[in-house]
Amino acid sequence: MNWGSLDSFLAMGGYGLYVWGSYAVAALCIAAELWLLARRARRAERTQ
Amino acid sequence: MTLASESYSIEAEQGGRGSLLLRYAAPQAFYPLAGKMMPWFGALAALFAVAGLYVGFFVAPTDAQQGEAYRVIFIHVPAAWMSMFLYVIMASWAALGLVLNTRLSGMMASALAPTGAMFTFLALWTGALWGKPTWGTWWVWDARLTSELILLFLYIGFIALTNAIDDPRRADRAGAVLAIVGVINIPIIYFSVQWWNTLHQGASVSLTRAPSMAATMLTGMLLMALAAWMYSIAAALWRVRSIILERERDAEWIQGRRGQE
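Residues numbered from 1 in each chain as written. Chains lettered and ligands numbered in written order. Predicted model: local features only at pLDDT ≥ 70, side-chain atom pairs only at ≥ 80, totals over all residues.

Peer 1: In this structure, what is going on with the overall build of chain A? I would like to understand it.
Peer 2: Of the regular secondary structure elements, chain A holds two helices and zero strands. Within chain A, the fraction of its 48 residues that count as buried is 15%. (Helix = DSSP H or I, 4+ residues; strand = E, 2+ residues; numbered from the N terminus. Buried ≥ 20, exposed ≤ 12 C-beta atoms within 10 Å, placed from the backbone.)

What follows is the structure in structure tokens.
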């Protein structure tokens, strides 16, 4: 276990912005792609 | 569309008599198979991601030189690997389509491009966020970063070109030429850190020597890389299903499918 508290986990030794900025944007990109995939699948099904 | 559906039924017939591989080369046969495989790859992606993030954040120790900033590695390296792998796979499908004129090949190439572009963007984005605290700059025009940016433009160019041509078979062929020419960029990205004096560090993992990192760090990175693989396969399968439906709208099997539902 690396982290004594939630605060120290979020702080990432002072690099929180860089570390969480990376993971947050990655999560956003994946969520966006999944949303686009679902939308495209719905439309492809509907317009048959 | 009569021509297209005729050629499709010939292909399907040949596939039916031929090998298993050829059978699934017909979009009609691949569509349900992709639907069955998709949730498995999606579930594996989620499992590997949870395991990788756990190891990356709770097991792997703080880096002696970079402190906690190095934890960007668990998303950066898998994204960068995927950006290159997916391009090679996309170009291989495209080349296969050019040589064998199979329709599914072009569809697979088109299905991979957006996911590849996303991972390329993520490699650049996370690289910038990692570069700032460790190098003191978000961006530098060195060989590794520049060639990775060119990769992003290649993906975007492929998507734009194939979308700009109305006839899907012609779009596939034009895209294939672009994708194949662009493959030259992949070894340039990979070897850039050896060929030129770059700010970017050399490979942390290579086949020829022991990895230059702690075992738990490596484990976290490899788990995340597996998650990225599984995710990419699931996303490509999902997208190719939509592409099949979009392109084969008038084919008999889709019309029949509609009647059943």
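Peer 1: Honestly, the overall build of chain B in this entry has me stumped. Any pointers?
Peer 2: A tally of regular secondary structure across chain B gives 10 helices and zero strands. The buried share of chain B, taken over its 261 residues, is 41%. Here the analysis covers contacts within chain B between residues at least 6 apart in sequence; of these, 74% occur between residues at least 24 apart. (Contact = placed C-beta atoms within 7 Å.)

Peer 1: Got a minute to help me understand the nonpolar core in this structure?
Peer 2: One recurring pattern in soluble globular proteins: nonpolar side chains tend to sit buried together. Formed by 74 residues in total, the largest nonpolar core has its most connected members in Val72, Met90, Ala109, Met224, Ala227 and Ala234 of chain B. Secondary-structure elements contributing two or more residues to this core are α2 (16-46) of chain A together with α3 (27-59), α4 (73-100), α5 (103-135), α6 (143-164), α7 (168-182) and α9 (215-247) of chain B. Broken down by element, this core gets its largest block of residues, 18 residues, from α9 of chain B. (Core = buried A, V, L, I, M, F, W, Y, C linked by C-beta atoms within 7 Å.)

Peer 1: Can you walk me through the interface of chain A and chain B in this structure?
Peer 2: Between chain A and chain B, the residue contacts involve 20 residues of the former and 30 residues of the latter. Across the side of chain A that touches chain B, the residue classes tally to 12 nonpolar, five polar and three charged. (Nonpolar A, V, L, I, M, F, W, Y, C, P; charged D, E, K, R; others polar.)

Peer 1: Is there a simple way to think about the packing of α4 of chain B against α9 of chain B in this case?
Peer 2: Describing two packed helices takes the angle between their axes plus the distance from one axis to the other. All names here are of chain B. It is at 8 Å that the axes of α4 and α9 come closest, and there the two elements cross at 45 degrees. The angle between α4 and α9 places the two elements in the oblique class. In the crossing of α4 with α9, the sense of the turn from one axis to the other is right-handed. Only Gly220, Met221, Met224, Ala225, Ala228 and Ser232 of α9 make contact with α4, whose side of the interface consists of Ile73, Phe74, Ile75, Val77, Pro78, Ala79, Trp81, Met82 and Leu86. Here the contact of α4 with α9 is composed, by residue class, of 13 nonpolar, two polar and no charged. (Axes fitted to C-alpha atoms, helices over the stretch in contact; angles between N-to-C directions. Parallel < 35°, antiparallel > 145°, perpendicular 65-115°, else oblique. Left-handed = near helix turned anticlockwise from the far one by under 90°.)

Peer 1: Can you walk me through the packing of α2 of chain A against α5 of chain B in this structure?
Peer 2: The N-to-C vectors of α2 of chain A and α5 of chain B enclose an angle of 170 degrees; their axes lie 9 Å apart at closest approach. Considering their axes alone, α2 of chain A and α5 of chain B lie roughly antiparallel with respect to each other. Contacts from Tyr18, Gly21, Ser22, Val25, Ala26, Cys29 and Glu33 of chain A of α2 of chain A reach α5 of chain B at Pro114, Thr115, Met118, Phe121, Leu122, Trp125, Thr126, Leu129, Trp130, Lys132 and Pro133 of chain B. Considered class by class, the residues forming the contact of α2 of chain A with α5 of chain B number 12 nonpolar, four polar and two charged.

Peer 1: Explain the confidence of the model for chain B here, please?
Peer 2: Note: predicted coordinates in regions of low pLDDT should not be interpreted at a detailed level. Residue and element names in this part refer to chain B. Mean pLDDT over chain B: 89, with 90% of residues reaching 70 or higher. Contacts from residues 1-16, a stretch scored under 50 in pLDDT, to residues over four places away or in other chains number 15 contacts. Model confidence for the complex is summarised by a pTM of 0.89, with the ipTM given as 0.94. (pLDDT = per-residue confidence, 0-100.)

Peer 1: Could you clarify how one ought to interpret unusual backbone geometry in this entry?
Peer 2: As a rule of thumb, non-glycine residues mostly have phi less than zero, and peptide bonds are mostly trans rather than cis. Of note, Met12 of chain A is a non-glycine position whose phi angle comes to about 50 degrees, a positive value. For Met12 of chain A, a count of 21 C-beta atoms within 10 Å corresponds to the buried category.

Peer 1: Explain the environment of Ala235 of chain B here, please?
Peer 2: Residues and elements named next belong to chain B. Summarising the element assignment, Ala235 is placed in helix α9. Ala235 sits in the buried class, given 25 other C-beta atoms within 10 Å. Through-space distance from the C-alpha of Ala235 to that of Pro114 is 9.5 Å; in sequence the pair is 121 residues apart.

Peer 1: What's the story with α3 of chain B in this structure? I'm lost.
Peer 2: Three or four residues apart is the spacing at which side chains of an α-helix point the same way, because the helix has 3.6 residues per turn. All names here are of chain B. Its 33 residues place the ends of α3 44 Å apart at the C-alpha level, agreeing with the 48 Å of an ideal helix rising 1.5 Å per residue. Most pronounced at Met37, the bend in α3 amounts to some 25 degrees, and the proline Pro39 follows within four residues. Residues of α3 that are buried: Pro27, Gln28, Phe30, Ala34, Phe41, Ala45, Phe48, Ala49, Gly52, Val55 and Gly56. (Expected span 1.5 Å × (residues − 1). Bend = angle between axes of the 7 residues up to and from the residue.)

Peer 1: For this particular structure, what's the right way to read the environment of Gly14 of chain A?
Peer 2: Relative to the assigned elements, Gly14 of chain A resides in the loop between α1 (6-11) and α2. The sequence separation of Gly14 of chain A and Val25 of chain A amounts to 11 residues, and the corresponding C-alpha distance is 19 Å.

Peer 1: So what exactly am I meant to see when it comes to the environment of Arg103 of chain B here?
Peer 2: Relative to the assigned elements, Arg103 of chain B resides in helix α5. Look at Arg103 of chain B and you get buried, because 22 C-beta atoms sit within 10 Å.

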